[in-house]
Amino acid sequence: MATPRKLYIKTYGCQMNVYDSERMAEAMNGYERTEDPAEADMILLNTCHIREKAAEKVYSELGRLKPLKTAKPDLKIGVAGCVAQAEGEEIMARQPLVDLVVGPQSYHRLPQLEAKVAKGEKALDTDFPLKDKFEDLKRRPKAKRGPTAFLTVQEGCDKFCSFCVVPYTRGAEVSRPADRILQEARDLVEAGVREITLLGQNVNAYHGHDGGLAGLIRALSEVDGLDRIRFTTSHPNDMDDALIAAHGDCEKLMPYLHLPVQAGSDRVLKAMNRKHTAESYVRLIERLRAARPDLALSGDFIVGFPGETEEDFEATLRLVEEVRYASAFSFKYSPRPGTPAAERADVDEDVKSERLQRLQALLSAQQSAAQEAMVGKEVGVLFEKPGRMPGQMVGKSDHLMAVHAEAPQHLAGQIARVRITGAAPHSLAGELV
Ligand code: 5AD
Ligand code: SF4
């Protein structure tokens, strides 16, 4: 057999891109993945378009790759992901070093595209085929892997929040059939996986199972050897009764939920086309906490959305105070070409920065409080790898907090009971029970 060529993939953005990068690597026959771009025969940038900064990074990275291509003219460079979808043709025209552009719905055609660039041609594919892009890919290899894995079950979004490019870059909502997901989950478990995070841009709108996402989670619960299930990212309006109930009684579903609200002012929520109010979100959180009192909540926030006043922003702070988050992501609004909000007058940059600082101060204080509240409690920890200190292992708790504890290395890939003895803002210390 010919020696495999080397593939280097740089992943930007969300967890769905992390999953896609794995699947792309598996699709590329005759290549093996390398962590060193200098030894690569092909470099793929798996890009993110969600905010302007994310997209700019791609152009600067392409600039940095130029010397590599000069030194090794056979090196092929490709752009995948959401920037490829949105600006693929322009990238190809502007950056002669790019050989290949592939949108996120066309990864199953990578082998054909690769064959084309191997002949010295350029290849571009940014179609939105109607079928599951993973269907044509091989089964996942069963080679031993780490204890946690992502599994994409749904892609695309029909919600059209007025700030967001996802409905344009990832297309309409598509759900993968449940039987294929179950097969993939069993293959992952056989490869050593104990925890699966189900991914989708709108994962709780999943409809590939009669019982929706809750039905899929219950079916996955039957998979022997799979101990933990998580899912992300969700929209409040798709949080149905069955999913709330699953948080209460499905043992393998972990007590952590990422449920973005974006803003706390109804005026802003309406302008964002979120189709829910601050009040309805808070009531939903109450119902979730009634089902699972220790649920750790996480969220996304945008500050400085067009038209956001100081009063609107204070409503966001009030909502955060009422909900109490265990962790959160917050961003300054970034106008995205082609989205409705990009047509509206932008809030002053200094005002955005100041609001972001205030929001992040509040969210960090809440995160520290959530970490502190764990001290003295006993939690399940799935150990992943050795810690920084000799004799230590690190892993994630049920509530998705990083925990380190003195533990033997053979516990890697195992879930152990740990008593939490100390808390820092981003990690917990504990001892085996
Ligand atoms: N500007 C700033 N943040 C955005 N997000 C999505 N689009 C934008 C934008 N144009 C944030 C939202 C979303 C997260 C993934 O990224 O908070 O939930
Ligand atoms: Fe974007 Fe809104 Fe869809 Fe989330 S729900 S992907 S923020 S359009």
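The protein is annotated in an unreviewed UniProt entry as tRNA-2-methylthio-N(6)-dimethylallyladenosine synthase of Histidinibacterium aquaticum. Under the heading Subunit (unreviewed entry), UniProt records this for the protein: "Monomer."

A. Structural view of the packing of helix α2 (residues 52-71) against helix α3 (residues 81-94). The interhelical angle for the contact between α2 and α3, taken along N-to-C directions, is 35°, at an axis separation of 12 Å. Crossing handedness for the pair α2 and α3: right-handed. Packed against α2, whose contacting residues are A55, V58, Y59 and L62, the element α3 presents V83, E87, E90, I91 and R94 at the interface.

B. Quick peek at the site of ligand 2. Close to ligand 2 lie C157, K159, F160, C161, F163, C164, V166, P167, N202, H235 and R274. Its residues assigned to classes, the shell around ligand 2 shows seven nonpolar, two polar and two charged.

C. Up close: the site of ligand 1. Taken together, I50, R51, F163, Q262, D300, I302, F331, K332, Y333, S334 and R336 make up the full set of residues adjacent to ligand 1. At 2.9 Å from an oxygen atom of ligand 1 is found a side-chain nitrogen or oxygen belonging to R51. Calculation on ligand 1 without its partners gives an accessible area of 410 Å², and the protein chains cover 87% of this total. Elements with a contribution of two residues or more to the shell around ligand 1: β13 (296-303) and β14 (327-332). When its residues are assigned to classes, the shell around ligand 1 shows five nonpolar, two polar and four charged.

D. Structural detail: the pairing of strand β15 (residues 378-386). Of the pairings in the sheet, the one linking β15 to strand β18 (residues 415-423) comprises five bridges and is antiparallel in character. Residue pairing across strands places V379 opposite V418, the latter belonging to β18. Relative to strand β16 (residues 392-397), β15 runs antiparallel, the two sharing five bridges. What sits directly across from V381, in β16, is S397.

E. How the structure looks around the sheet that holds β13. The sheet built from three strands is open, its strands ordered β12-β13-β14 with parallel pairing. Both edges of this open sheet fall to β12 (256-258) and β14, since each of them pairs with a single strand only. In this sheet, adjacent strand axes meet at a mean angle of 10° when their direction is disregarded. Across the sheet, helix α12 (residues 349-372) touches β13 and β14, and the angle it forms with β14 is around 175°.

F. Focus on the domain arrangement of the protein. Domain parsing of the protein yields domain 1 (5-125), domain 2 (139-234), domain 3 (255-373) and domain 4 (378-432). Taking only C-alpha atoms into account, the centre of domain 2 sits 26 Å from that of domain 4. The interface of domain 2 with domain 4 comprises seven residues on the first partner and twelve residues on the second. Roughly 700 Å² is buried in total at the junction of domain 2 and domain 4, and carbon and sulfur atoms are behind 53% of that figure.

G. Seen up close, the UniProt feature "domain: TRAM" (unreviewed entry) in the protein. Cross-referencing UniProt, the feature "domain: TRAM" (unreviewed entry) maps to residues 372-433 in the present numbering. Taken end to end, residues 372-433 comprises 2% helix and 55% strand; its first and last C-alpha atoms sit 19 Å apart.

H. Molecular detail of the pattern of salt bridges. This structure, assessed with the given rule, holds 38 salt bridges. The residue E26 makes a salt bridge to R140 at a minimum N-O spacing of 2.9 Å. With E26 in helix α1 (residues 15-27) and R140 in the loop between β6 (123-125) and β7 (148-152), this residue pair connects regions lying 114 residues apart in the sequence. The same class applies to E26 as to R140, namely buried. Between K72 and D41 there is a salt bridge whose closest N-O contact spans 3.8 Å. Of this pair, K72 sits in the loop between α2 and β4 (76-80) while D41 is found in the loop between β2 (31-33) and β3 (42-47), placing the two residues 31 residues apart along the sequence.

About the criteria used
- Residues numbered from 1 in each chain as written.
- Chains lettered and ligands numbered in written order.
- Predicted model: local features only at pLDDT ≥ 70, side-chain atom pairs only at ≥ 80, totals over all residues.
- Heavy atoms only, no water.
- UniProt positions renumbered as here; feature names shortened; annotations may be inferred.
- Axes fitted to C-alpha atoms, helices over the stretch in contact; angles between N-to-C directions.
- Helix = DSSP H or I, 4+ residues; strand = E, 2+ residues; numbered from the N terminus.
- Left-handed = near helix turned anticlockwise from the far one by under 90°.
- Contact = heavy atoms within 4.5 Å.
- Near = heavy atom within 4 Å.
- Nonpolar A, V, L, I, M, F, W, Y, C, P; charged D, E, K, R; others polar.
- Polar contact = N/O pair within 3.5 Å; in protein donor to acceptor, adjacent residues only side chain to side chain.
- Areas by Shrake-Rupley, 256 points an atom, 1.4 Å probe, with all protein chains shown as cover.
- Pairing = 2+ DSSP bridges.
- Domains from an automatic or database assignment.
- Buried area = accessible area lost by both parts, 1.4 Å probe.
- Salt bridge = Lys/Arg side-chain N within 4 Å of Asp/Glu carboxyl O.
- Buried < 20%, exposed > 50% of the residue type's maximum accessible area, 1.4 Å probe, protein only.

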